[in-house]
Amino acid sequence: MNRKRSKQIHLEQPEMGIKKATANGLFPNPFAEMFWKVNNIPVEARELICKQCDWSIPTFYRKLRAATRPPEGNDGKVRGVSSAELASIKAIYVQVFEDTLAKLKATDTRLPK
């Protein structure tokens, strides 16, 4: 059965995706800018941790799962993550948070005209 629509549906799509917009610093408003800067913290941290510790993304999540749900007989120790890796991970998170805070403070909260 062929049906014709009385009006065509036009979906509004931005000219560039979120990744390109955030990379170029183009945001529709200050709220969106702040939201995407904060929302990008886990991604930035994961990328830096994987690079520093020479892990793949699946390895990152495997180590994370072991850290959040250690076996009961393990006395709460994180298996598979060394003390040096934990120190690097902590330093990375501190650096990512400081960078994000600096970006947030630099955000222009005036609405565009």
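For the structure itself, look to the data block above.
Report follows, based on the coordinates. Source: prediction; values computed, not measured. (Residues numbered from 1 in each chain as written. Predicted model: local features only at pLDDT ≥ 70, side-chain atom pairs only at ≥ 80, totals over all residues. Heavy atoms only, no water.)

1. A few points about helix H5 (residues 83–105)
- In this model H5 runs 33 Å from its N-terminal to its C-terminal C-alpha over 23 residues, within 8% of the 33 Å that 1.5 Å per residue would give.
- Listed in full, the buried residues belonging to H5 are Glu85, Ile89, Ile92, Val96 and Thr100.
- Those residues of H5 that are buried are in contact with helix H2 (30–39) and helix H3 (41–53). (Helix = DSSP H or I, 4+ residues; strand = E, 2+ residues; numbered from the N terminus. Expected span 1.5 Å × (residues − 1). Buried < 20%, exposed > 50% of the residue type's maximum accessible area, 1.4 Å probe, protein only. Contact = heavy atoms within 4.5 Å.)

2. Here we look at the packing of aromatic side chains
- Tallying each qualifying case throughout the model produces three aromatic pairs.
- Centre to centre, the rings of phenylalanine 35 and tryptophan 36 are 5.0 Å apart; their planes meet at 85°, and the pair counts as edge-to-face.
- Here the aromatic rings of phenylalanine 60 and tyrosine 61 are separated by 5.0 Å at their centres, their planes lie at 90°, and the arrangement is edge-to-face.
- On the basis of relative accessibility, which here comes to 9%, the residue phenylalanine 60 falls in the buried class.
- Taking the relative accessible area as the measure of exposure, tyrosine 61 reaches 41% and is therefore partly exposed. (Phe/Tyr/Trp six-rings, centres within 6.5 Å; stacked < 30°, edge-to-face > 60°.)

3. Regarding the packing of H2 against H5
- Orientation of H2 relative to H5, taken along the N-to-C sense of each, is 175°, at an axis distance of 10 Å. By the angle between their axes, H2 is roughly antiparallel relative to H5. The segment H2 lies against H5, with Met34, Lys37 and Val38 engaging Thr100, Lys103 and Leu104.
- The residue makeup of the contact of H2 with H5, split by class, is three nonpolar, one polar and two charged. (Axes fitted to C-alpha atoms, helices over the stretch in contact; angles between N-to-C directions. Parallel < 35°, antiparallel > 145°, perpendicular 65-115°, else oblique. Nonpolar A, V, L, I, M, F, W, Y, C, P; charged D, E, K, R; others polar.)

4. Considerations on H3
- An ideal rise of 1.5 Å per residue puts 18 Å on 13 residues; H3 measures up with 18 Å between its terminal C-alpha atoms.
- Taken residue by residue, H3 has Ile41, Glu44, Ala45, Arg46, Ile49, Cys50 and Cys53 as its buried positions.
- Just downstream of H3, aspartate 54 is the residue with a positive phi angle, here 60°.

5. Things to note about the side chain of glutamate 85
- Mapped onto the fold, glutamate 85 is located in helix H5.
- Buried charge without a partner: glutamate 85 forms no salt bridge, and the closest opposite charge is lysine 63, 4.6 Å away.
- What glutamate 85 contacts, discounting residues up to four positions off in sequence, is Cys53, Trp55 and Gly80. (Lys, Arg positive; Asp, Glu negative; His and termini not counted. Salt bridge = Lys/Arg side-chain N within 4 Å of Asp/Glu carboxyl O.)

6. Some thoughts on the nonpolar core
- Core analysis: the largest hydrophobic core is formed by 11 residues, namely Ile41, Ala45, Ile49, Cys50, Cys53, Trp55, Phe60, Val81, Ile89, Ile92 and Val96.
- Elements represented by at least two residues in this core include exactly H3 and H5.
- If one sorts the elements of this core by residue count, H3 sits on top with five residues.
- Not counting chain neighbours up to four residues away, the residues in contact with valine 96 comprise Ile41, Glu44, Ala45 and Leu48. (Core = buried A, V, L, I, M, F, W, Y, C linked by side-chain atoms within 4.5 Å.)

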